[in-house]
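As a plain string of letters, each chain reads:
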Amino acid sequence: MAIDRAGLPQTVRELKGRTVGDLLKRYEETITSTKRGAEVERYRLKTMQRHNLSKARLAQPLASAVAAYRDDRLKVVKGETVRRELTVLRHCFEIAMKEWGVPLPNNPVKQITLPKPSQAREIRLFEGDEAVLIHESTSPSARYLLPLMKLAIEMGMRRGELLSLRWDHLDLEQGLAYLPITKIGSARAVPLTPVAIALLAGVMRVEERVFPVSADAVRHAWARLRKRAGLDGLRFHDLRHEAVSRFFEIGLSAQEVALISGHRDMRMLARYTHLRPASISDKLANLYSAEPSHPRSENDAESEEPN
């Protein structure tokens, strides 16, 4: 019976009285709630629920409604954002058909053209940007933002990883931070730089978490900070790009950087890496200047033919 599946339709006749919004609600309650990224996904679902798409009847062809949602969203956000929203919607329809027994003829998201993927972002801190951010991070209400920001630049940890970090996850003597929960699902131990160790040692210990603040508090504090600093386009996640790029610039190998950053896919790691040509030029100059000179032997001279 339909009531056994939270009121979702189990026959074609029942489709007439149900909408896309019904599926989105069920998906949020049973699928999204189990994910570590539930907060972000709920925001995407709410966006879809506020659109006319949620009122579309399941009994009607839905591809045109999904396409209209895509086109409306592209007027206000970038294509990559719309792709991510449609990825959630596509999975919602898949779950509905395969696990909830909803008799849809097909997955409508698969019938439309998705926006093209965005090019990898290449935002890095310009000279002086970090100093400006530090200077503007003086608000007492955002006292945790400064060490959070510095650690993100130094270690490339994700915001969620930093906020979930506990004191018992740290071994400052060994220079290690243990992350039991990460975005990719597997735990990892992160080797800390001397600067990161000093930063963590300077944080006041008030409870189990190193940074006892919410993600929303950090998001709002960061928005205010970047506005004061005149860096409106800078995202907190861009600090991770900065850290990864710096690791490569100081000479770490791809495997070493991946161990710190947690990347499994080297192609994705490459998307996070934006090396400055000037730094490569300096590295080459240092390498060549460090090469020992090898005086030619008499045999070498005798072996050369005269011009």
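The preceding data block contains the structure.
Attention in this report is confined to the structure presented alongside it. (Residues numbered from 1 in each chain as written. Predicted model: local features only at pLDDT ≥ 70, side-chain atom pairs only at ≥ 80, totals over all residues. Heavy atoms only, no water.)

What follows concerns the packing of aromatic side chains. Following the criterion strictly, the structure yields two aromatic pairs and no others. Relative to Phe211, the ring of Tyr144 lies with its centre 6.3 Å away and its plane at 90°, an arrangement referred to as edge-to-face. Taken together, the residues span a long stretch of sequence, with Tyr144 in the loop between helix H6 (129-136) and helix H7 (145-155) and Phe211 in the loop between helix H9 (194-201) and helix H10 (215-228) at a distance of 67 residues. Look at Tyr144 and you get buried, because its relative accessible area is 12%. Overall, Phe211 belongs to the buried group, its relative accessible area being 0%. (Phe/Tyr/Trp six-rings, centres within 6.5 Å; stacked < 30°, edge-to-face > 60°. Helix = DSSP H or I, 4+ residues; strand = E, 2+ residues; numbered from the N terminus. Buried < 20%, exposed > 50% of the residue type's maximum accessible area, 1.4 Å probe, protein only.)

Taken as a whole and assessed by the stated rule, the structure comprises 17 salt bridges. Among the salt bridges present, the one from Arg228 reaches Glu136, with a minimum N-O distance of 3.8 Å. With Arg228 in helix H10 and Glu136 in helix H6, this pair connects stretches of sequence that are 92 residues apart. Relative accessible area serves as the criterion here: at 38%, Arg228 is assigned to the partly exposed category. Here Arg158 and Glu161 are joined by a salt bridge, their closest N and O atoms 2.6 Å apart. The pair formed by Arg158 and Glu161 is uniform in burial state, with each residue classed as buried. What you see here is one network of salt bridges that share partners, running through Glu28, Arg42 and Lys46. (Salt bridge = Lys/Arg side-chain N within 4 Å of Asp/Glu carboxyl O.)

Here we take up helix H5 (residues 79-98). The terminal C-alpha atoms of H5, which comprises 20 residues, lie 28 Å apart, in line with the 28 Å expected from a rise of 1.5 Å per residue. The set of residues buried in H5 consists of Gly79, Val82, Glu85, Leu86, Val88, Leu89, Cys92, Phe93, Glu94, Ile95 and Ala96. Elements that come into contact with the buried residues of H5 comprise helix H2 (20-30), helix H3 (38-50) and helix H4 (63-74). (Expected span 1.5 Å × (residues − 1). Contact = heavy atoms within 4.5 Å.)

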